[in-house]
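Analysis of the macromolecular model
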Amino acid sequence: MDNLINNYVKFISENKTERLCTQTSVRIAQENGYRDINTVDKLKAGDKVYYDKMGKSLILFNIGSDDISKGMNILGAHIDSPRLDAKQNPIYEDKLYKTGIVYLNTHYYGGIKKYQWVASPLAIYGVVVKADGTKVDVAIGDDPEDPVFCISDILPHIAQEQMKKTAADFIEGEKLDAILACYPNVKKYRNPEEGKYEPGDGKKKVLQFLEDKYGIKEDDFASAELELVPAGQARFIGFDKTLVLGYGQDDRVCAYTSLIAMVEGKAGNRTNCCILADKEEVGSNGATGMNSHLLDNAVAEVVARLDIKGNPELAVRRTLANSYMLSSDVNSAFDPLNPGLYDIYNSSFLGRGVVFNKYTGARGKSGASDANPEFIAKVRGKLYESEVYFQNAELSKVDTGGGGTIARNAAEFGMNVLDCGVSVMSMHAPWEITSAFDIEQAYKCYKAFLELA
Ligand code: MN
Ligand code: MN
């Protein structure tokens, strides 16, 4: 189990975007005998394939011995996390005040508290695709040799006006721009040969650097996907090192444990499936999100390769409707510093095992996919049998807010689905907290679930 946790810490330290998660998960899948479904003509029991959607989401299948239309056992997690995305015209220089500071202009992605993203080191990851289709990978800020980037904040002594604002507009979204470089005026005093600073020189230098290092020009940012994320490795917290501090644990803590449970498992009569989805943090829209036909298209590809009698379209529908799914997503951990937010009797706690969340949603369960007790009993029974610790919880007190997961997307196909994941403290903060024990329990839970007959 120590191995699992250490590998997990390494995984989240090295895979801070959905693209990197997909890339690494494909590699892990391949090492465990999974093949790209596009390279396979026929499928039979025991076969392992993956369906890679645009390099940003991934679905794995391990074919069971039964007719697939009796349903699959599905683990569904998401691999996108809140962050700051570079805008389409991202690079600008402060010309007004001639500070020589060059910025990366960003637009935040997902639910963040903006004030948490200033005055702390950031890394840039992503791709820039040139007009000829060449793709350039960008990764700066996590190699010890690399520089990092940073968004400035106001000195407390002169922050009287800022401090009067509420946290919601303490830092404006438009001001979440990171310093890329600073080519100040003072240079001319230090070294007259360098010549006088002219407004625009800084941006020119940054663009020159990008061209030299990556072969990209300013126009190329029109077709780029660059994400600003916290720089630095995930670490253990506390003298006892029982907790993990890391970026993007919502929901990579469930994605990683689901993936490992999947690749280590062996399908029995039911086909096993593991979904690592993109776009959950912005409502699951887009071709790589679960509001799309991502899952049914992937299942249709599998069904088309199986020896199935009758109508394949009906087989796809039955496969989905008869499936069992754990929506492997995180729940908010009870925080003793903010006890009033939680119903103490229906909260999840760090170190007490994986969390069943029967329903999410807001207000009167609005938007929830409420799991059926018959299904919960089936999962619970299996966990008792496999000696997995679990707890039952809601996100918070009634009417304090709410949220949703990909459970509702799964439920649309008519399947049984239950939210089941790790509890996370300071969720959606740049650095989130989980418990190593819960991570182990999640892994054990997902392994046991895949064995459901
Ligand atoms: Mn989540
Ligand atoms: Mn989230």
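Being a predicted model, the structure only gives us computed values, none of them experimental.

Side note on the coordination of the manganese ion (ligand 1)
The protein atoms donating to the manganese ion (ligand 1) are His78 (NE2), Asp250 (OD), Asp329 (OD) and Asp329 (OD), with metal-donor distances spanning 2.2 to 2.7 Å. Taken in sequence order, the residues that donate to the manganese ion (ligand 1) follow the motif H-x171-D-x78-D. A distance of 3.4 Å spans the gap from the manganese ion (ligand 1) to the manganese ion (ligand 2), which Asp250 bridges by coordinating each metal. Of this pair, Asp250 sits in helix α7 (residues 249–264) while Asp329 sits in the loop between β14 (324–327) and β15 (331–332), placing them 79 residues apart in sequence. On the basis of relative accessibility, which here comes to 3%, the residue Asp250 falls in the buried class.

Let's talk about the environment of Ile151
Looking at where Ile151 falls in the secondary structure, it is placed in the loop between β8 (135–140) and α3 (160–164). C-alpha of Ile151 to C-alpha of Tyr103: the two residues are 48 residues apart in sequence and 9.0 Å apart in space. Non-local contacts of Ile151, meaning those with residues more than four positions away in its chain, are made with Leu84, Trp117, Val118, Ala119, Leu122, Lys175, Leu176, Asp177 and Ala178.

Concerning the packing of aromatic side chains
A full pass over the atoms with the stated rule returns ten aromatic pairs. Here the aromatic rings of Tyr92 and Tyr103 are separated by 5.2 Å at their centres, their planes lie at 20°, and the arrangement is stacked. With Tyr92 in strand β5 (residues 83–93) and Tyr103 in strand β6 (residues 101–109), the pair connects residues that are eleven residues apart, well separated along the chain. You can call Tyr103 buried: its relative accessible area is 17%. Site record: aromatic cluster; members linked through ring pairs are Tyr8, Phe11 and Tyr256. One residue, Arg83, lies across the ring of Tyr109, its end atom 3.6 Å from the ring centre. When the ring centre of Tyr324 is taken as reference, the NZ or CZ atom of Arg270 above it lies at 3.8 Å.

Considerations on the layout of surface pockets
Each pocket or cavity is described by its volume, and for the largest pocket that value is around 1,100 Å³. Together, 37 residues line the largest pocket, and Ser332, Leu395, Gly402, Met427 and His428 are the ones closest to its centre. Within the residue set of the lining of the largest pocket, elements represented by two or more residues are β15 and β19 (402–403). Classifying every residue of the lining of the largest pocket by side-chain character gives eleven nonpolar, 18 polar and eight charged. Residue-level mapping places the lining of the largest pocket at the junction of two domains, with at least three residues from each of domain 1 (2–81 + 247–449) and domain 2 (83–230).

Reading the values: the criteria
- By convention here, each chain's residues receive numbers from 1 onward along its written sequence.
- For this description, chains carry letters from A and ligands carry numbers from 1, given in the order in which they are written.
- Given that the model is predicted, a residue must reach a pLDDT of at least 70 before its local features are reported, and side-chain atom pairs must reach 80 or more before they are shown or counted; all residues, however, enter totals for whole chains, interfaces and linings.
- Calculation of side-chain values draws on the structure's entire complement of heavy atoms; hydrogens and water are dropped beforehand.
- Atoms of type N, O and S within 2.8 Å of a metal are treated as its donors, and for Na, K and Ca the window is 3.2 Å; water is not considered, so some sites may appear to be missing partners.
- Starting at the N terminus, helices and strands are each numbered in turn, a helix being any DSSP run of H or I of at least four residues and a strand any DSSP run of E of at least two.
- Only protein chains enter the calculation, and the probe is 1.4 Å; a residue is then buried if its accessible area is under 20% of its type maximum, exposed if over 50%, and partly exposed in between.
- Residue contacts are defined here by distance: any two heavy atoms, one from each residue, within 4.5 Å place the two residues in contact.
- Classification of ring pairs uses Phe, Tyr and Trp, with its six-membered ring standing for Trp, and accepts pairs whose centres are within 6.5 Å; under 30 degrees between planes counts as stacked, over 60 as edge-to-face, and the remaining range as tilted.
- Only Lys NZ and Arg CZ are tested; either one counts as a charge over a ring when it is within 6 Å of the ring centre and within 35 degrees of the ring normal.
- Buriedness of a pocket was judged along seven lines, with at least five required to meet protein on both sides within 12 Å; pockets are open sets of points on a 1 Å grid over the protein atoms alone, cavities are sets where a 1.4 Å probe fits but cannot get out, and lining residues have an atom within 4 Å of a point.
- Grid points are joined across faces, edges and corners, and a volume is the space filled by probe spheres set on the points.
- All residues other than Ala, Val, Leu, Ile, Met, Phe, Trp, Tyr, Cys, Pro, Asp, Glu, Lys and Arg, Gly among them, are scored as polar; the first ten of these are nonpolar and the last four charged.
- As annotated, the domain borders come from an automatic or database domain assignment.

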